[in-house]
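Here's the letter readout for the chains.
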Amino acid sequence: MRIASLLPSATEIVCSLDLVDQLVGVSHECDFPTIVRDLPHLTRSVIPTGLEGREINTMVREQLESENSLYHLDIDMLRELAPDLIVTQTLCNVCAVSESEVQTAMSCLNVEPAVLHLSPMSLKEVFDSISKVAVQAGCPERADRVISELGDRVDAVVRESRKIDSESRPRVAFLEWIDPFFNAGHWNPELIQMAGGIDCLGNVNQPSKVVKDSHLVSSQPDILFIAQCGFDEERTRRDLSRLRNIDGWDCLPCVKNGRIYYSDGNAYFSRPGPRLVDSLEILANALHPNHFQLPAHLNRAVQFKS
């Protein structure tokens, strides 16, 4: 089977199922595992590189309000690659090619491939997505193995977090964008709960939303965790200066206690694929370092704001 993936999480799912040899094309953002970086790119973004966070947010909003896509799909390349299966998403037009653009492309192809749309909003639905890809690719038994291994790691975190009494569970404000503030919705609030924390910005299994500065301050988080969507930890570190401009910043418990963390949102918390389990382990270690030790491959996956 010839598979084309139009989003990074789908590419990671395909590779977790040992189907990398069947991938013929990926999105411009697909970068893990590294072997996929040399595959033909089927998409490109209309957002220029090098913009500040607020500039990106403004341009994204304007594009969506005008019903213009944030991504362009290379139909000629898609026609040349002639995939049997295209894996894409209907979860978020900010994250990948829109459903309407994929549908338009289908009418231009010589042979119409099967199209699998993924739209997980929870960790369980991410596991369901792995099963759907495996079934569509004709290897459902491979999903059983992958989900079992991932599930064992999740269960280990949940079992340990149950030992933590309620008084020791920190209030956690999780941001997926800094300028303006966006809370981390979708699966991230449940990851906080599994890791032994209390999400104080809400929005479980719902899209992320803008958070006012005053709301962040009134939530009085014991821990502030930042993983910006599409950005690595180095880019997030550059954006942290915005925090100092918040009225009441110095009075927040997370500031007084020095418990402000940031991580690679692009690699982990933003992508609904197998590495969300890595994200859970990263978060558990940040919330309760005495209970959870990071696996060796994640040793530098979380940073402290000095």
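Please read all numbers here as calculations on a predicted model, not as lab measurements. (Residues numbered from 1 in each chain as written. Predicted model: local features only at pLDDT ≥ 70, side-chain atom pairs only at ≥ 80, totals over all residues. Heavy atoms only, no water.)

### What about the environment of Val133?
So, point 1. Here Val133 shows up in helix H5 (residues 123-136).
So, point 2. With relative accessibility at 1%, the residue Val133 sits in the buried group. (Helix = DSSP H or I, 4+ residues; strand = E, 2+ residues; numbered from the N terminus. Buried < 20%, exposed > 50% of the residue type's maximum accessible area, 1.4 Å probe, protein only.)

### A few points about the pairing of strand E11 (residues 260-263)
So, point 1. Side-chain alternation along E11 places Ile260 and Tyr262 on one buried face and Tyr261 and Ser263 on a second face that is also buried.
So, point 2. With three bridges joining them, strand E10 (residues 223-226) and E11 adopt parallel strand pairing. Bridge pairing in E11 links Leu224 to Ile260. (Pairing = 2+ DSSP bridges.)

### Observations concerning the pattern of salt bridges
So, point 1. Evaluation of the coordinates by the stated rule reveals 14 salt bridges.
So, point 2. One salt bridge in this structure joins Arg153 and Asp278, with 2.5 Å as the shortest N-O distance. Taken as a pair, Arg153 in helix H6 (residues 140-161) and Asp278 in helix H11 (residues 276-287) lie far apart in primary sequence, 125 residues in all.
So, point 3. We note a salt bridge from Arg235 to Asp239, for which the minimum N-O separation is 3.3 Å. Pair noted here: Arg235 and Asp239 are both in helix H9 (residues 233-239), with a separation of four residues, about one helical turn. (Salt bridge = Lys/Arg side-chain N within 4 Å of Asp/Glu carboxyl O.)

### Describing the packing of aromatic side chains
So, point 1. One pass over the full model with this rule turns up five aromatic pairs.
So, point 2. On the basis of an interplanar angle of 75 degrees and a centroid distance of 5.2 Å, the ring pair of Phe174 and Phe269 is categorised as edge-to-face. In this pair, Phe174 sits in strand E7 (residues 171-177) while Phe269 sits in the loop between E11 and H11, placing the two residues 95 residues apart along the sequence. Each member of the pair, Phe174 as well as Phe269, is classed as buried.
So, point 3. Put simply, the rings of Phe174, Phe225, Tyr261 and Phe269 pair up and form one aromatic cluster.
So, point 4. Looking at Arg242, its charged tip hangs above the ring of Phe181, at a distance of 4.2 Å from the centre. (Phe/Tyr/Trp six-rings, centres within 6.5 Å; stacked < 30°, edge-to-face > 60°. Lys NZ or Arg CZ within 6 Å of the ring centre and 35° of its normal.)

### Things to note about the packing of H6 against H11
So, point 1. Interhelical geometry of H6 versus H11 gives an angle of 20 degrees and a closest axis separation of 10 Å. Between H6 and H11, the interaxial angle falls into the category roughly parallel. As for the relative orientation of H6 and H11, their crossing is left-handed in sense. Note on element contacts: H11 touches H6 through Val277, Asp278, Leu280, Glu281 and Ala284, opposite Leu150, Arg153, Val154 and Val157.
So, point 2. Here the contact of H6 with H11 is built from residues that sort into six nonpolar, no polar and three charged. (Axes fitted to C-alpha atoms, helices over the stretch in contact; angles between N-to-C directions. Parallel < 35°, antiparallel > 145°, perpendicular 65-115°, else oblique. Left-handed = near helix turned anticlockwise from the far one by under 90°. Contact = heavy atoms within 4.5 Å. Nonpolar A, V, L, I, M, F, W, Y, C, P; charged D, E, K, R; others polar.)

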